[in-house]
Amino acid sequence: MKLRALAIALLLSTCAQAAEPLSPIRRLEFAPLPDGRQVLAVDLHTHSVFSDGEVWPSIRVQEAQRDGLYGYAPTEHLEYQPHLADIPHKDRNRSFEIATQEVTDPYHSPRVPGEPLVVINGAEITREMPPGHCNAVFLADANKLLKKDPMDAFREAKRQGAFTFWNHPYWSDQTPDGVARLTPMHEKLIADGLLQGIEVANMVDVSPEAFRIAEQKNLTILGTSDVHGLLDWEAGLNAGGHRTATLVLARERSTPAVREALFKGDTVAVYKDTYVGLTRNVEPLLRSVLHVEAAPYDPETTLVPVTLRNTGALHITLQEIGPEGFYDGPAVIRVPAHGSVVLRVRDVADPAKLSLRFRVLSSMVGPDAMLEMAFGPGLAASK
Ligand SMILES: [Zn+2]
Ligand SMILES: [Zn+2]
């Protein structure tokens, strides 16, 4: 009996792999929030051969289309162009122009149904620490940021209406202990309104100290891929991963609304199946994607079946922390993306008063804090 069940399970998992060889969670698409805001995924930090990346900009476009992004920004290093001997160019907007052509040219682009991907012009101000590396996005002309004094580059970005953020402030190449720290130059950039955001997560790393700086200085929390090679490899898509990116909670599906939400700090970074951001942003998003429904008692028992449903694009890991306990599940539960699990709560005195409490292990709402959520009493019956 057990062997037969095992054989069926193996067969099912083999079929599932054959049908969907790529990561089921690569597409970062979410339904709107109950308050009507759109949840739009953007990646505001990417490279191509026009700086130190290893692919042509059109590949970045196709990757972003496959990932269901609303938009992405080519952000080539302004001051570091190692491929210049092979790809001579003087125009720091060239990567953006080629990507824009790829999105709009039906001959070049593998069309994706629906609206075209939005390409946002950006650049990476690439200096020693301080200030280290910073991205400016929504630029009109990246060439004008080529300045001797880094402060002048930031001032020019502001003049162009850019949104500017501090990249990988904990990067071990520039910060050997891996701990993000503010310097007087960063304090001045923030005080002068020249720096509005901070990467708390890059493709492979995440920083509690960067989160603390975001809280202390009211900087927008960002996650970016900073991809240089093939995204599939760097993000581990074939191993079931997704790119690090930022979900923007925007009042409508438009680029001005995305820009406005970035300045307001209405973002959630997604990093290795984890929602990273302020509680005011992560909680409504999780309320929107995680649903808990209770059914009537199992016959002749006081066990209540409960369905945990995840309509979001990332798997969610929960720890049950309430007084109730599950009869047939561990305290740590994984609810797959676009899927559900059914567990029974034991010894329920009154199903109408049943409530459940969870710690969302796949969340980061502070330097060392996870979101806690309560559901019920009055959990809707399963349909
Ligand atoms: Zn960098
Ligand atoms: Zn970079």
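Owing to the predicted nature of the structure, the values given are computational and were not obtained by experimental measurement. (Residues numbered from 1 in each chain as written. Chains lettered and ligands numbered in written order. Predicted model: local features only at pLDDT ≥ 70, side-chain atom pairs only at ≥ 80, totals over all residues. Heavy atoms only, no water.)

*Asks:* Outline the coordination of the zinc ion (ligand 2), supporting the account with residue identities and numerical values.
*Replies:* Surrounding the zinc ion (ligand 2) are the protein donor atoms His45 (NE2), His47 (NE2), Glu124 (OE) and Asp226 (OD), which sit 2.0 to 2.5 Å from the metal. Considering all four donor atoms around the zinc ion (ligand 2), the spread of angles at the metal, 76 to 163°, places the coordination shape in the irregular class. Counting gaps between the donor residues of the zinc ion (ligand 2) yields the pattern H-x1-H-x76-E-x101-D. (Donors = N, O, S within 2.8 Å, 3.2 Å for Na, K, Ca; no water. Tetrahedral: all angles 85-135°; square planar, octahedral: opposite > 155°, others 65-115°.)

*Asks:* Give me the environment of Gly68: which residues, what numbers.
*Replies:* Looking at the element boundaries, Gly68 is found in the loop between helix H2 (57-66) and strand S2 (71-77). With 211 residues separating them in the primary sequence, Gly68 and Thr279 have C-alpha atoms 25 Å apart. The residues contacting Gly68, other than those within four sequence positions of it, are Arg27, Leu28 and Glu29. (Helix = DSSP H or I, 4+ residues; strand = E, 2+ residues; numbered from the N terminus. Contact = heavy atoms within 4.5 Å.)

*Asks:* Quick rundown of the nonpolar core? Include the residues and the values.
*Replies:* Proteins that are soluble and globular tend to have nonpolar side chains buried together. Core analysis: the biggest nonpolar cluster contains 49 residues, and Tyr275 and Leu308 have the highest contact counts within it. Among the elements that take part in this core, helix H9 (residues 279-289) stands out by supplying four residues, more than any other. For Leu308, the residues in contact, after removing those within four places along its chain, are His291, Val292, Leu318, Ile333, Val335, Gly339, Ser340, Val341, Leu343 and Phe358. Core analysis: the next-biggest nonpolar cluster, separate from the first, contains 33 residues, Leu139, Ala142, Met151 and Ala210 among them. (Core = buried A, V, L, I, M, F, W, Y, C linked by side-chain atoms within 4.5 Å. Buried < 20%, exposed > 50% of the residue type's maximum accessible area, 1.4 Å probe, protein only.)

*Asks:* For the pattern of salt bridges, give the residues involved together with the corresponding values.
*Replies:* Tallying each qualifying case throughout the model produces 24 salt bridges. Put simply, Asp177 and Arg181 hold a salt bridge, and the shortest N to O gap is 2.5 Å. A salt bridge links Arg280 to Asp266, with the nearest nitrogen and oxygen atoms 2.7 Å apart. Of this pair, Arg280 sits in helix H9 while Asp266 sits in the loop between helix H8 (255-264) and strand S10 (267-271), placing them 14 residues apart in sequence. A cluster of three or more residues bridged by salt bridges with shared partners is formed by Arg26, Asp43, Asp67, Asp232 and Arg243. (Salt bridge = Lys/Arg side-chain N within 4 Å of Asp/Glu carboxyl O.)

*Asks:* Can you explain the coordination of the zinc ion (ligand 1)? Please cite residues and give values.
*Replies:* Looking at the zinc ion (ligand 1), one finds its protein donor set to be Glu124 (OE), His133 (ND1) and His168 (NE2), positioned 2.0 to 2.2 Å from the metal centre. Written as a sequence motif, the donor residues of the zinc ion (ligand 1) are E-x8-H-x34-H. Between the zinc ion (ligand 1) and the zinc ion (ligand 2), both coordinated by Glu124, there is a metal-metal distance of 3.3 Å. Here Glu124, found in strand S4 (residues 122-126), pairs with His168, found in the loop between strand S6 (163-166) and helix H5 (184-191); they are 44 residues apart in sequence, far enough to count as distant. Each member of the pair, Glu124 as well as His168, carries the same accessibility label: buried.

*Asks:* Residue-level account of the side chain of Thr274, with values.
*Replies:* Along the polypeptide, Thr274 turns up in strand S11 (residues 274-276). The buried category is assigned to Thr274, whose relative accessible area is 17%.

*Asks:* Before we move on, could you go through H2 and cite the residues and values that matter?
*Replies:* When you tally the buried positions in H2, you get seven out of 10 residues, the bulk of the element. Pro57, Ser58, Arg60, Val61, Glu63, Ala64 and Gln65 are the residues of H2 that are buried. Buried residues in H2 make contact with strand S1 (38-46), S2, helix H3 (94-104) and helix H7 (231-234). Phi for Gly68, located one or two positions after H2, is positive at around 70°.

*Asks:* For the side chain of Thr46, give the residues involved together with the corresponding values.
*Replies:* For Thr46, the position within the fold is in strand S1. You can call Thr46 buried: its relative accessible area is 1%. Among the polar contacts made by the side chain of Thr46, one reaches the main-chain carbonyl oxygen of Ala73 at a distance of 2.8 Å. The contact partners of Thr46, leaving out residues within four places of it in the chain, are Arg60, Tyr72, Ala73, Pro74, Thr75, Glu76, Ser225 and Val227. (Polar contact = N/O pair within 3.5 Å; in protein donor to acceptor, adjacent residues only side chain to side chain.)

*Asks:* Talk me through unusual backbone geometry; I want residue IDs and the actual numbers.
*Replies:* Of note, the amide linkage connecting Met129 to Pro130 takes the cis form, showing an omega dihedral of -15°. Within the secondary structure, Pro130 is located in the loop between S4 and strand S5 (133-137). Put simply, Gly376 and Pro377 share a cis peptide bond, and its omega is 0°. With respect to the helices and strands, Pro377 occurs in the segment after strand S19 (372-375).

*Asks:* Outline the environment of Pro208, listing residues and values.
*Replies:* The residue Pro208 is located in helix H6 (residues 208-217) in this model. Excluding anything up to four places from it in sequence, Pro208 contacts Met364 and Pro367.

*Asks:* Describe the packing of aromatic side chains, naming the residues involved and giving the relevant values.
*Replies:* When we look at a pair of aromatic rings, we describe it by the centre distance and by the angle of the planes. Under the defined criterion, the tally for this structure stands at five aromatic pairs. Measuring from ring centre to ring centre gives 5.2 Å for Phe50 and Trp56, while their planes differ by 55°; the resulting arrangement is tilted. Classification of Trp56 by relative accessible area gives partly exposed; the value is 41%. Aromatic side chains Phe163 and Phe165 sit 6.0 Å apart centroid to centroid with 40° between the ring planes, which places their arrangement in the tilted category. Take Phe163: its relative accessible area is 0%, and that puts it in the buried class. The class for Phe165 is buried, based on a relative accessible area of 0%. The rings of Phe163, Phe165 and Phe263 are connected pair by pair, giving a single aromatic cluster. The ring of Phe375 carries Arg287 above its face, with NZ or CZ at 4.9 Å from the centroid. (Phe/Tyr/Trp six-rings, centres within 6.5 Å; stacked < 30°, edge-to-face > 60°. Lys NZ or Arg CZ within 6 Å of the ring centre and 35° of its normal.)

It is worth stressing that arrangement in space is one thing and function is another; only the former is reported here.
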